[in-house]
Amino acid sequence: MSMADERRIVSNIIYSHDDSNRRQNFSETVFVFIRQPVEAEAPVSPPPPRHVLTEKDYEKLKFQRNIGVSAHIDSGKTTLTERILYYTGRIRDIHEVRGRDSVGAKMDSMDLEREKGITIQSAATFCDWEATNPSNGTKDKYAINIIDTPGHVDFTIEVERALRVLDGAILVLCAVAGVQSQTTTVDRQMRRYNVPRISFINKMDRPGANPWRIVNQIRTKLRIPAAAVQVPIGVEDEFKGVVDLVHWRAIYNEGQKGIDVVTSEEIPASVLELATSKRNELIEQLAEVDEEIGEIFLNDEKPTNDQIASAIRRSTIALKFSPVFLGSAIKNTAVQPLLDGVCAYLPNPSESEVLAHDTTLPVASPQVPLYPAAAAPMVGLAFKLEEGRFGQLTYIRVYQGSLKKSSLIYNARTGKKVKVPRLVRMHSNEMEDIDSIGPGEICAIFGVECSSGDTFTDGSTSFSMTSMFVPEPVISLAIKANGIETPNFSRALNRFQKEDPTFRVHLDAESKETIISGMGELHLEIYVERMRREYNVDCTTGKPRVAFRETITQRADFNYTHKKQTGGAGQYAKVVGYIEPMEVDPDTGKDVQFENVVMGGSIPTNFIPAVEKGFYEALEKGTLSGNSISGCRLVLKEGAFHVVDSSELAFRLATIGAFREAFKAARAVILEPIMTVEVVAPVEFQSAVIGGLNTRRGTIIDSEVRDDEFTAIAEVALNDMFGYSNQLRGSTQGKGEFSMEYKNHMPVLPNLQKDLEDAYRKTLPAAKK
């Protein structure tokens, strides 16, 4: 092709919408661009590499599941996991959470967990399950990684980091209590990480079990379309099996501990009518979320069993639907059909969309997809740390590529290169050494220094994955060792802080006390007990300190000059601007901001960071109660400087002085944390419970009476909640239970604000009062 032809083509491309004269006039310019490619526009960044999954990758991933078991307190998560491990052959015998043999469930490996009968740490395990295909009777072997999570809101970070790395989850609900406060929290966490879920209504053997009310609660309270895929055969203590509505058959558990699953094509006459109506309800629910079933439904046709099963899988993976299974883990009934459901309806690792940031591109650039191909560059996320007998144990989910023993991996955050000395698969507190692990799997590595949420790569890519969401602590305690403080005291606190991002430790500058902060009284109580047992450090804790904050309610201007003249160069800085209340930014989640609108260089640009630093320093300690300040924006309009005397220190001190002066004029108030409290107790104690909440200045938001128990939801200030657990036990004969979760900060009552101000003033030295 001649140069003229090339020039004509390019000019035609650029100016095809113009007239020929303009095209002729500009052709020389285009010609210059061709002759001098140096002046061409900067190249657009290449699209991220796409790694194609091989047939072998698909075959391996097709039969792999990574699932979590999550629910409210005492819904039966650990008991269900125990049954899953028994039926898949991972454990030889079943032990109960609060069993008489004092062995305890396999997944509750910590002594404290076995004593208290609760799960404190999430525990990982793996098992193999032979799922039967109901269509043709063939058996397929699935590899399932399971993480059993705690139910208490105090250990919510364990649920958070488990759901961050899982592809699917089982949401366990009690057949009597249904959707409770922590169920709503877990639902919110699943939505945050786009985790598809199947629901399992446990405890079908309990008196008052009503699965249809629970299904309705899932639809209304959790706002997700749901329908039962099973109908119980027998109720309460007569519960002995389920009817599979998808494949239209009855399933019974027989033999020792329900090990034998018997299926029958004959549906018992007692439940035939109910099963028919519930199957129609399932099809109706699916028709609303799935196009194929919707079309069949509109044409008044009957979908086949396989069409229903495919629609459930499609809509569950698309987060549009949740199939509901029924059973009783403690009575060893209908757990195996649930495992078949996990294999049939939850996604494999190749069906989950996983994104990462490419650190070489700008922060605002779109995220890059990861592909679970074994040959692709390795990318993994460290989601949990644990101090083991052999050093730090780091749990890793491999998203792309393969991780091999003795291979070199790079920490994307620090850029450090580390060798993988030992690679294991976890089975609660036991481990199994392996040489390599493929994409989509969960493993643990020893001897690698890192933090929770770090990304590891093989060094050939610059990907970094987003870390998990970490809620802010809501309660603080002063802690000190009894007797002489040993190195074990700080060693224990450092280890717990590293393992658990919601556990914070700091030294109070005023009182010189060590302050520990966490998610609730139980959370801190467990760590104090673990210090005594694991580190032989006996501690005493002071009255919990509530995380009060301070804020302003109106705008206040400032015009402040900081002058200090000593021998030699002095200090001079002047700042002018205003502070105003600020709402939480929905994008960043921050409610404090520094804004610089200085025009004309009245403050040199090199001093602006010092002003910002001074503002953030002033926010650390308010003048009313000594707590941090939130909900405040500082706008710097202008100022003045001195050629010799102005310095960064002068502007920092000027900003702190200006902020304190304006803060007094901005009608500052003290804020206290408000908790959403859910109390469940027998109905005869309703008046005592509501009376108890009212005496603690609680606002009743909702109450629901069902059968023989009731639920009250209230908003109460955390400062008024101390000792509530003992009061509730006393007023309900030990039958009541409550859970609470942080909601927001609200202004305190005027009399409490005065008390807090007076108390703080007494702690100040005489010169500052």
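Our subject is the structure listed above.
Calculation rules
- Residues numbered from 1 in each chain as written.
- Predicted model: local features only at pLDDT ≥ 70, side-chain atom pairs only at ≥ 80, totals over all residues.
- Heavy atoms only, no water.
- Helix = DSSP H or I, 4+ residues; strand = E, 2+ residues; numbered from the N terminus.
- Contact = heavy atoms within 4.5 Å.
- Areas by Shrake-Rupley, 256 points an atom, 1.4 Å probe, with all protein chains shown as cover.
- Patch = residues over 30% accessible without salt bridge, like charges linked within 9 Å, V, L, I, M, F, W, Y side chains within 5 Å.
- Salt bridge = Lys/Arg side-chain N within 4 Å of Asp/Glu carboxyl O.
- Buried < 20%, exposed > 50% of the residue type's maximum accessible area, 1.4 Å probe, protein only.
- Axes fitted to C-alpha atoms, helices over the stretch in contact; angles between N-to-C directions.
- Parallel < 35°, antiparallel > 145°, perpendicular 65-115°, else oblique.
- Nonpolar A, V, L, I, M, F, W, Y, C, P; charged D, E, K, R; others polar.
- Pairing = 2+ DSSP bridges.
- Disulfide = S-S within 2.5 Å.
- Phe/Tyr/Trp six-rings, centres within 6.5 Å; stacked < 30°, edge-to-face > 60°.
- Lys NZ or Arg CZ within 6 Å of the ring centre and 35° of its normal.
- Expected span 1.5 Å × (residues − 1).
- Core = buried A, V, L, I, M, F, W, Y, C linked by side-chain atoms within 4.5 Å.
- Polar contact = N/O pair within 3.5 Å; in protein donor to acceptor, adjacent residues only side chain to side chain.

A separate point is the overall build of the protein. Across its full length, the protein carries 19 helices and 38 strands. Across the protein, contacts joining residues at least 24 apart in sequence account for 71% of those joining residues at least 6 apart. Approximately 36,100 Å² of the protein is accessible, and the part contributed by carbon and sulfur atoms is 50%.

Now for a nonpolar patch on the surface. Together, Phe 641, Val 643 and Val 644 give the surface a local cluster of nonpolar side chains, amounting to about 320 Å² of exposed area. Relative to the helices and strands, Phe 641 resides in the loop between β34 (632-640) and α16 (648-665).

Attention now goes to the pattern of salt bridges. In this structure the tally under the stated criterion is 35 salt bridges. Of the charged contacts, one joins Arg 192 and Glu 160 as a salt bridge, the two residues approaching to 2.5 Å between their closest N and O atoms. With Arg 192 in helix α7 (residues 181-192) and Glu 160 in helix α6 (residues 156-165), this pair connects stretches of sequence that are 32 residues apart. Note on Arg 192: relative accessible area 35%, which makes it partly exposed. One salt-bridge network, in which partners are shared between bridges, spans Glu 158, Arg 161, Lys 384 and Glu 386.

So, on to the packing of helix α11 (residues 305-317) against helix α12 (residues 335-345). As a packed pair, α11 and α12 sit with axes 9 Å apart at the nearest point and diverge in direction by 70°. Between α11 and α12, the interaxial angle falls into the category roughly perpendicular. Contact residues: Ala 309, Ile 312, Arg 313, Thr 316 and Ile 317 in α11; Cys 343, Ala 344 and Tyr 345 in α12. Of the residues contributing to the contact of α11 with α12, the split by class is six nonpolar, one polar and one charged.

What follows is about the sheet that holds strand β6 (residues 226-228). Ordered in space as β2-β3-β1-β4-β5-β11-β6, the seven strands form an open sheet in which the pairing is mixed. The sheet is open, and its two borders are formed by β2 (123-132) and β6, each paired with just one other strand. Taking each pair of neighbouring strands and ignoring which way they run, the sheet shows an average axis angle of 30°. With 10 bridges connecting them, β2 and strand β3 (residues 139-148) associate as antiparallel partners. Residue pairing in the sheet places Cys 127 in a bridge with Ile 144 of β3.

This brings us to the state of the cysteines. With the rule as written, the count across this model stands at zero disulfides. Considering cysteine sulfurs only, Cys 343 is the nearest to Cys 127, which forms no disulfide, with 8.8 Å between them.

You can see Val 643 is positioned in the loop between β34 and α16. Looking at Val 643, the relative accessible area reads 75%, which means it is exposed. Separated by 71 residues in sequence, Val 643 and Tyr 572 place their C-alpha atoms 9.3 Å apart.

Let us look at the pairing of β2. Taking burial as the measure, the 10 residues of β2 include seven buried ones, the bulk of the element. Taking the residues that link successive antiparallel strands as the turn, the β2-β3 hairpin has six residues, and the phi of Gly 137 there is positive, at about 80°.

To continue, consider the sheet that holds strand β9 (residues 249-254). Pairing in this open sheet of four strands is antiparallel, and the strands run β7-β8-β9-β10 from one edge to the other. Each having just a single partner strand, β7 (230-233) and β10 (260-264) make up the two edges of the open sheet. Direction aside, neighbouring strands of the sheet carry axes that sit 25° apart on average. In this structure, β7 lies alongside strand β8 (residues 241-244), joined through four bridges in antiparallel fashion. Each bridged residue has a counterpart across the sheet, and for Pro 232 the counterpart in β8 is Val 242. Each of β7 and β8 is contacted by helix α9 (residues 269-289), which is oriented at about 165° to β7, the strand it contacts most.

A few words now on the packing of aromatic side chains. Tallied over the entire structure, the rule returns 13 aromatic pairs. Consider the rings of Phe 496 and Tyr 535, whose centres lie 6.2 Å apart with planes at 90°: the pair is edge-to-face. Here Tyr 535 lies in helix α14 (residues 521-535) and Phe 496 lies in helix α13 (residues 487-499), a separation of 39 residues in the sequence. Take Phe 496 and Tyr 535: they sit in the same class, and that class is buried. Ring geometry for Phe 615 and Tyr 616: centres 5.2 Å apart, planes at 50°, overall tilted. Cluster of aromatic residues (ring-pair linked, three or more members): Phe 594, Phe 615, Tyr 616, Phe 659 and Phe 663. When the ring centre of Tyr 86 is taken as origin, the NZ or CZ atom of Lys 257, which lies over that ring, is 5.9 Å away. The residue whose ring lies beneath Arg 555 is Tyr 578, and the NZ or CZ to ring-centre distance is 3.5 Å.

Before going further, it helps to spend a moment on α14. The periodicity of an α-helix, 3.6 residues per turn, causes residues three or four places apart in sequence to face the same way. The terminal C-alpha atoms of α14, which comprises 15 residues, lie 21 Å apart, in line with the 21 Å expected from a rise of 1.5 Å per residue. In this structure, the buried residues of α14 make contact with α5 (111-116), β25 (475-481), α13, β27 (514-518) and β28 (539-541). After α14 finishes, the residue Asn 536 shows a positive phi value of roughly 55°.

The next point concerns the nonpolar core. Grouped together as the largest cluster of nonpolar side chains are 71 residues, with contacts concentrated most on Met 531, Val 575, Ile 579, Leu 636, Phe 659 and Val 689. At eight residues, the largest contribution of residues to this core is made by α16. Among residues more than four places away in sequence, those in contact with Val 575 are Phe 558, Asn 559, Tyr 560, Ile 603, Val 611, Leu 636, Glu 638, Gly 639, Phe 651, Ala 654, Thr 655 and Ala 658. Leu 85, Ala 131, Ile 233 and Val 342 belong to the second-largest nonpolar core, a separate cluster that totals 53 residues.

Here we come to the side chain of Asn 253. With respect to the helices and strands, Asn 253 occurs in strand β9. For Asn 253, a relative accessible area of 15% corresponds to the buried category. A distance of 3.5 Å separates a polar side-chain atom of Asn 253 from the backbone oxygen of Asn 332. Residues contacting Asn 253, with those up to four places away along its chain left out, are Lys 240, Gly 258, Asp 260, Val 261, Asn 332, Thr 333, Ala 334 and Gln 336.

What follows covers the pairing of strand β12 (residues 355-358). Of the two faces of β12, the one lined by Ala 356 and Asp 358 is fully buried and the one lined by Leu 355 and His 357 carries no buried residue. The pairing of β12 with strand β13 (residues 368-369) spans two bridges and is antiparallel. Note that in β13 the partner of Ala 356 across the bridge is Val 368. In the sheet, β12 pairs with strand β24 (residues 463-464) via two bridges, with the strands oriented antiparallel. Opposite Asp 358, over in β24, you have Phe 463 as the bridge partner.

Two elements in contact, helix α4 (residues 77-87) and α12, have axes whose closest approach is 10 Å; the angle formed by their N-to-C orientations is 85°. In terms of their interaxial angle, α4 and α12 are classed as roughly perpendicular. When α4 is examined against α12, the residues Leu 80, Arg 83, Ile 84 and Tyr 87 are found in contact with a partner set consisting of Val 335, Gln 336, Leu 338 and Leu 339. A per-class count over the contact of α4 with α12 returns six nonpolar, one polar and one charged.

Moving on to unusual backbone geometry. Most peptide bonds take the trans form, and the phi angle of most residues other than glycine is negative. For Asn 194, which is not a glycine, the phi torsion comes out positive at approximately 50°. Assignment of secondary structure puts Asn 194 in the loop between α7 and β5 (197-202). Asn 194 sits in the exposed class, given a relative accessible area of 52%. One non-glycine residue, Ala 334, lies in the positive phi region at around 65°. Locating Ala 334 in the fold gives a position in the loop between β11 (322-326) and α12. Judged by its relative accessible area of 2%, Ala 334 falls in the buried class.

Any link to function would need more than the numbers given here.
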